Amino acid sequence: MFSHCTDPASLDGLAWLSCYLTTGKHLSIYWSVGTVLLLLAITAPVALLFGFGGAAAARSHIAPLRWLGKAYIAVVRGVPDIAFFLFFVIALDQFFEWIRHKVKCPDWDMPIRQGNDFVVCPEAKLPLGNAAQSVHETYGFLLAVLTFAIVFGAFAANVLFGAMKAVPRAQMETAEAYGMSHRQAFWRIMVPQMWVYALPGLSNLWMVLIKATPLLFLLGVEDIVYWARELGGSKTARFTDYPHGDWRMWYFLALLIFYLAFTRVSEVVLGRIMKRLTHGQATAGGEAQRKAA
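Residues numbered from 1 in each chain as written. Predicted model: local features only at pLDDT ≥ 70, side-chain atom pairs only at ≥ 80, totals over all residues. Heavy atoms only, no water.

J.: An account of the overall build of the protein is needed here, citing residue identities and associated values.
T.: Across its full length, the protein carries 10 helices and 2 strands. Ordered by position from N to C terminus, the α and β elements of the protein give α-α-α-α-β-β-α-α-α-α-α-α. The buried share among the 293 residues of the protein stands at 36%. A fraction of 66% describes how many contacts in the protein between residues 6 or more apart in sequence connect residues 24 or more apart. Total accessible area on the protein is roughly 17500 Å²; 65% of this is exposed by carbon and sulfur atoms. (Helix = DSSP H or I, 4+ residues; strand = E, 2+ residues; numbered from the N terminus. Buried < 20%, exposed > 50% of the residue type's maximum accessible area, 1.4 Å probe, protein only. Contact = heavy atoms within 4.5 Å. Areas by Shrake-Rupley, 256 points an atom, 1.4 Å probe, with all protein chains shown as cover.)

J.: Talk me through the state of the cysteines; I want residue IDs and the actual numbers.
T.: Here is the idea: a disulfide is a covalent bond, and it sits between the sulfur atoms of two cysteines. Throughout the structure, instances matching the rule amount to 1 disulfide. The disulfide bridge from Cys-105 ends at Cys-121, spanning 1.9 Å between sulfur atoms. When the S-S torsion is 85°, as for the bridge of Cys-105 with Cys-121, the disulfide is right-handed. With Cys-105 in the loop between helix H4 (81-104) and strand E1 (113-114) and Cys-121 in the loop between strand E2 (117-118) and helix H5 (133-166), this pair connects stretches of sequence that are 16 residues apart. When its relative accessible area of 12% is taken as the criterion, Cys-105 is described as buried. Looking at Cys-121, the relative accessible area reads 2%, which means it is buried. (Disulfide = S-S within 2.5 Å.)

J.: Please set out a nonpolar patch on the surface residue by residue, giving values where relevant.
T.: A grouping of Leu-14, Leu-17, Leu-21, Leu-27, Tyr-30 and Trp-31 is seen on the molecular surface, where their side chains present a nonpolar patch of about 660 Å² in accessible area. Take the nonpolar patch: its biggest share by element is 3 residues, from helix H2 (residues 24-58). Within the secondary structure, Leu-14 is located in helix H1 (residues 13-20). Look at Leu-14 and you get exposed, because its relative accessible area is 72%. (Patch = residues over 30% accessible without salt bridge, like charges linked within 9 Å, V, L, I, M, F, W, Y side chains within 5 Å. Salt bridge = Lys/Arg side-chain N within 4 Å of Asp/Glu carboxyl O.)

J.: Kindly report on the nonpolar core, identifying the contributing residues and their values.
T.: Counting residues in each nonpolar core, the largest one holds 65 residues, and the members touching the most others are Phe-148, Phe-152 and Met-194. Sorting elements by how many residues they give to this core places H5 first, with 16 residues. The contacts of Phe-148, once residues within four sequence positions are left out, are Leu-39, Thr-43, Phe-85, Gly-153, Leu-209, Ala-212, Thr-213, Leu-215, Leu-216 and Leu-219. Counting residues in hydrophobic clusters, the runner-up holds 6 residues, among them Cys-105, Val-120, Cys-121 and Ala-124. (Core = buried A, V, L, I, M, F, W, Y, C linked by side-chain atoms within 4.5 Å.)

J.: Residues and numbers for the pattern of salt bridges, please.
T.: Applying the stated rule across the entire model yields 5 salt bridges. Here Arg-169 and Glu-173 are joined by a salt bridge, their closest N and O atoms 3.6 Å apart. Of this pair, Arg-169 and Glu-173 both sit in helix H6 (residues 169-177), 4 residues apart, which is roughly one turn of that helix. For Arg-169, a relative accessible area of 44% gives the class partly exposed.

J.: For the packing of aromatic side chains, give the residues involved together with the corresponding values.
T.: Under the defined criterion, the tally for this structure stands at 11 aromatic pairs. Ring geometry for Phe-148 and Phe-152: centres 6.0 Å apart, planes at 10°, overall stacked. Here Phe-152 and Phe-148 lie together in helix H5, a separation of 4 residues that amounts to about one turn. Each member of the pair Phe-148 and Phe-152 is classed as buried. Between Phe-152 and Phe-155, the aromatic rings sit 6.4 Å apart at their centres with planes inclined by 40°, giving tilted as the arrangement. (Phe/Tyr/Trp six-rings, centres within 6.5 Å; stacked < 30°, edge-to-face > 60°.)

J.: Describe the side chain of Glu-97, naming the residues involved and giving the relevant values.
T.: With respect to the secondary-structure elements, Glu-97 resides in helix H4. Judged by its relative accessible area of 3%, Glu-97 falls in the buried class.

J.: Now, about the packing of H2 against helix H3 (residues 63-78): what can you tell me, with residues and values included?
T.: One can describe the packing of H2 onto H3 by two numbers: an axis separation of 7 Å at closest approach and a directional angle of 130°. Considering the angle they form, H2 stands oblique to H3. Relative to H3, H2 is oriented so that their crossing is left-handed. Residue-level inspection shows Phe-50, Gly-54, Ala-57 and Ala-58 of H2 in contact with H3, the latter providing Leu-65, Arg-66, Gly-69, Lys-70, Tyr-72 and Ile-73. (Axes fitted to C-alpha atoms, helices over the stretch in contact; angles between N-to-C directions. Parallel < 35°, antiparallel > 145°, perpendicular 65-115°, else oblique. Left-handed = near helix turned anticlockwise from the far one by under 90°.)

J.: Give a detailed account of helix H9 (residues 248-278), specifying residues and quantitative values.
T.: Here H9 is 31 residues long and its end C-alpha atoms lie 44 Å apart, about the 45 Å a rise of 1.5 Å per residue gives. Here H9 has its buried residues at Tyr-251, Leu-255, Tyr-259, Thr-263, Ser-266, Leu-270 and Thr-278. (Expected span 1.5 Å × (residues − 1).)

This is the structure:
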């Protein structure tokens, strides 16, 4: 905090606002922006990995693997995101604790399910009760990443499955006729070409993922929406050195600008990626580039 902020009552105008925006609590909302960006940076490739695995499984010649891939796509896409976030995180957390309980407390003779309570030995808790606050926050963040990745991975799997089918079958047959195995044709012919067909759908999915980040508060992560609501509410002089009225409209307006700017930057980057991928390809985008040249 700036040195002139030691006596907020004597400040006015921009000086008061500059001190107000640099308080310890306001640093939390700035950190939460980094949390959202970090979530997107980690979740996007992990969700893409889930999606690729689900799509590859859904088109597998092995029936049980094919059923598993199609079930993953159908079930996760069919459940509302909010319901999935509320249920899955609790179930996943309890599943991890159950495994640790079986390993660390084999002599435990009490039932784990006691009515509505889920009770495990103290050594199996995640995180441990005496763990630092940062450990609890990191664990919650990792659960959020895994949940987002599984949900959006199912949508990505559906997009990639359609993209794989869009690659002309004749190219696969030609590759196999030249002596490639089915696996070699998949990795050398289908995978490099499918991204051209998948990118429009993946671009939309990326935009939806950006808009879904406010759901972090359902997972116990203090995101920018949480802090905008917390800091923007009315504050009286009894509880703060910087009293103000209900400023939530201004905080949420700032969030609106942030998300619009972020999506605009994403559109520009994705457009350049699409242009690069379609270069030389037998697609509408590639044909437009050839005519322009």
